[in-house]
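One-letter residues, chain by chain:
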Amino acid sequence: MDFNLTLIGQSLAMLLFVWFCMKYIWPAIMGAIEQRQTDIANGLAAGEQGQASLASAKTEAEKILAAAREQARGIVDQASSRASGIVEQGKADGEATRKNQLETARAEIDVSINRAREELRDQVAKIAVAGAAKVLGREIDANAHRDLLGKLAAEL
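Source: prediction; values computed, not measured.

Peer 1: What exactly am I supposed to notice about the overall build of the protein here?
Peer 2: Helix and strand counts for the protein come out as two helices and zero strands. Per element, the accessible surface of the protein, about 13600 Å² overall, is 61% carbon and sulfur.

Peer 1: Sorry if this is basic, but what is going on with the environment of Glu-118 here?
Peer 2: Take Glu-118: it is sitting in helix α1 (residues 5-136). A polar contact of 3.1 Å, which involves the side chain of Glu-118, links it to the side chain of Arg-121.

Peer 1: I'm lost on the packing of aromatic side chains in this one. Help?
Peer 2: The geometry of an aromatic ring pair comes down to the distance between the two centres and the angle between the two planes. For the structure shown, the criterion picks out two aromatic pairs. Between Trp-19 and Tyr-24, the ring centres sit 6.4 Å apart and the planes meet at 90°, which makes this aromatic pair edge-to-face. A connected cluster of aromatic rings, assembled from ring pairs, spans Trp-19, Phe-20 and Tyr-24.

Peer 1: Please explain a nonpolar patch on the surface as it appears in this structure.
Peer 2: Taken together, the side chains of Leu-16, Trp-19, Phe-20, Tyr-24, Ile-25, Ile-29 and Ile-33 define a hydrophobic patch exposed on the protein surface, amounting to about 700 Å² of accessible area. Among the secondary structure elements, Ile-33 is positioned in helix α1.

Peer 1: So what exactly am I meant to see when it comes to the pattern of salt bridges here?
Peer 2: Two side chains carrying opposite charge are able to pair once their charged atoms lie near each other. Scanning the model with the defined rule gives three salt bridges in all. A salt bridge links Glu-95 to Arg-98, with the shortest nitrogen-to-oxygen separation between them at 2.5 Å. Of this pair, Glu-95 and Arg-98 both sit in helix α1, separated by three residues, roughly a single helical turn. With relative accessibility at 33%, the residue Glu-95 sits in the partly exposed group. Its relative accessible area of 41% is what places Arg-98 among the partly exposed residues. Note that Arg-121 and Glu-118 form a salt bridge whose closest N and O atoms lie 3.1 Å from each other.

What counts and how
Residues numbered from 1 in each chain as written. Predicted model: local features only at pLDDT ≥ 70, side-chain atom pairs only at ≥ 80, totals over all residues. Heavy atoms only, no water. Helix = DSSP H or I, 4+ residues; strand = E, 2+ residues; numbered from the N terminus. Areas by Shrake-Rupley, 256 points an atom, 1.4 Å probe, with all protein chains shown as cover. Polar contact = N/O pair within 3.5 Å; in protein donor to acceptor, adjacent residues only side chain to side chain. Phe/Tyr/Trp six-rings, centres within 6.5 Å; stacked < 30°, edge-to-face > 60°. Patch = residues over 30% accessible without salt bridge, like charges linked within 9 Å, V, L, I, M, F, W, Y side chains within 5 Å. Salt bridge = Lys/Arg side-chain N within 4 Å of Asp/Glu carboxyl O. Buried < 20%, exposed > 50% of the residue type's maximum accessible area, 1.4 Å probe, protein only.

These results come straight from atomic positions and should not be treated as a statement about function.
Now the structure itself:
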């Protein structure tokens, strides 16, 4: 192996090229690599943060859904109790109406019975007067014997 000037020139050119690369190119490449590493690290951190916020959002959504379900249960229970109250009130109103109608019907029946009794008394009195008139053979004056007929009607 021969050392000659070409080999020395090539070595110097190589050293000059390495120095130039180390001085001007290497920092730009390392800066780009470091920037890329920083971007990747930030992206991973943002992804982890996004997953954490997604998990907390899911938890919050579950809490909101549980609260909404509980509120819905409360509303359904309240509506059910209100419906039961309305049904009970309707039953009570119906019972009161039935009792009222029953009392009214009984009062009407009593009035009809009393009216029928009065009519029957009048008819019995007329029959008694007619029978007494036939027995006595003469006509009994209803105006003259009103007191007697009233006592007879009262006894019947």
